[in-house]
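Each chain, letter by letter, is given below.
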Amino acid sequence: MGNKVYLFDFDGTLTTRDTLLAFIIYAKGACRFWLGLLLYSPLLVMMKLHLYSNGKAKQKVFAHFFKGIDIEKFDQLCHSFAQDHRERLLRPLGLAEMQHALEDGAHVFVVSASIDNWVCPFFETLPQGSPHVVGTQIETKEGVVTGRFLTPNCFGAEKVRRIKALLPQPRSTYYIAAFGDSRGDKEMLSYADEAHYKPFR
């Protein structure tokens, strides 16, 4: 089982909703969330029509809400968000599948376009250990969030690129099972030997 790899998308697959939106509401309140969403609605419509980059749109929204915040305060928000929302957001069947894979000694990755600062804390208390979180990373300068991403948005083909960089042996030596629920997971599912295109219930 040592060379079996499990790849789990996060938002919508392991969770019941998009955590970026939930985190903004948690950190900034519903009123500021809706005002910000209204401000960027033209950009978000263009993104949905594939006329504007998913990653650029997401970075602009993220910067609007979190640029200039101290990274320590941001990380505290991320941990409290995960602690307060773990039970209501995580899908029990997905968590059970992940824990079974960890128990069997598989390489387990959560591969997400969400910011890894708030994805990681969701899995810190698993009894069988934590999966390796591969998420979008944010840039900081002198302890302050700049609003820019340090890595490309972990979406689509970027998910496969990031996974390849973390698997040291040739692809043929691994048996990969992947779980996803959206077009952002298409390439990851195609890369896998065993693809599950649906959220856990």
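Data block above holds the structure.
Structural notes, computed from the coordinates. As the structure is a computational prediction, the values presented were derived from the model and not from experiment.

### Here's the deal with the side chain of Thr13
Residue placement: Thr13 occurs in the loop between strand E1 (4-8) and helix H1 (19-28). You can call Thr13 buried: its relative accessible area is 0%. Within the structure, the side chain of Thr13 is placed 2.7 Å from the side chain of Asp9, a separation counted as a polar contact. Non-local contacts of Thr13, meaning those with residues more than four positions away in its chain, are made with Arg91, Phe179, Gly180, Asp181, Asp185, Lys198, Pro199 and Phe200.

### Considering the sheet that holds strand E2 (residues 107-115)
With parallel pairing, the five strands of this open sheet are ordered in space as E3-E2-E1-E6-E7. On the outer flanks of this sheet lie strand E3 (132-136) and strand E7 (194-197), each paired with one strand and no other. Averaged over all pairs of adjacent strands, the angle between strand axes in this sheet comes to 15 degrees, irrespective of strand direction. Bridge analysis of E2 against E3 gives four bridges, and the strand direction is parallel. Bridged to Val110 within E3 is Val133.

What counts as what
Residues numbered from 1 in each chain as written. Predicted model: local features only at pLDDT ≥ 70, side-chain atom pairs only at ≥ 80, totals over all residues. Heavy atoms only, no water. Helix = DSSP H or I, 4+ residues; strand = E, 2+ residues; numbered from the N terminus. Buried < 20%, exposed > 50% of the residue type's maximum accessible area, 1.4 Å probe, protein only. Polar contact = N/O pair within 3.5 Å; in protein donor to acceptor, adjacent residues only side chain to side chain. Contact = heavy atoms within 4.5 Å. Pairing = 2+ DSSP bridges. Axes fitted to C-alpha atoms, helices over the stretch in contact; angles between N-to-C directions.

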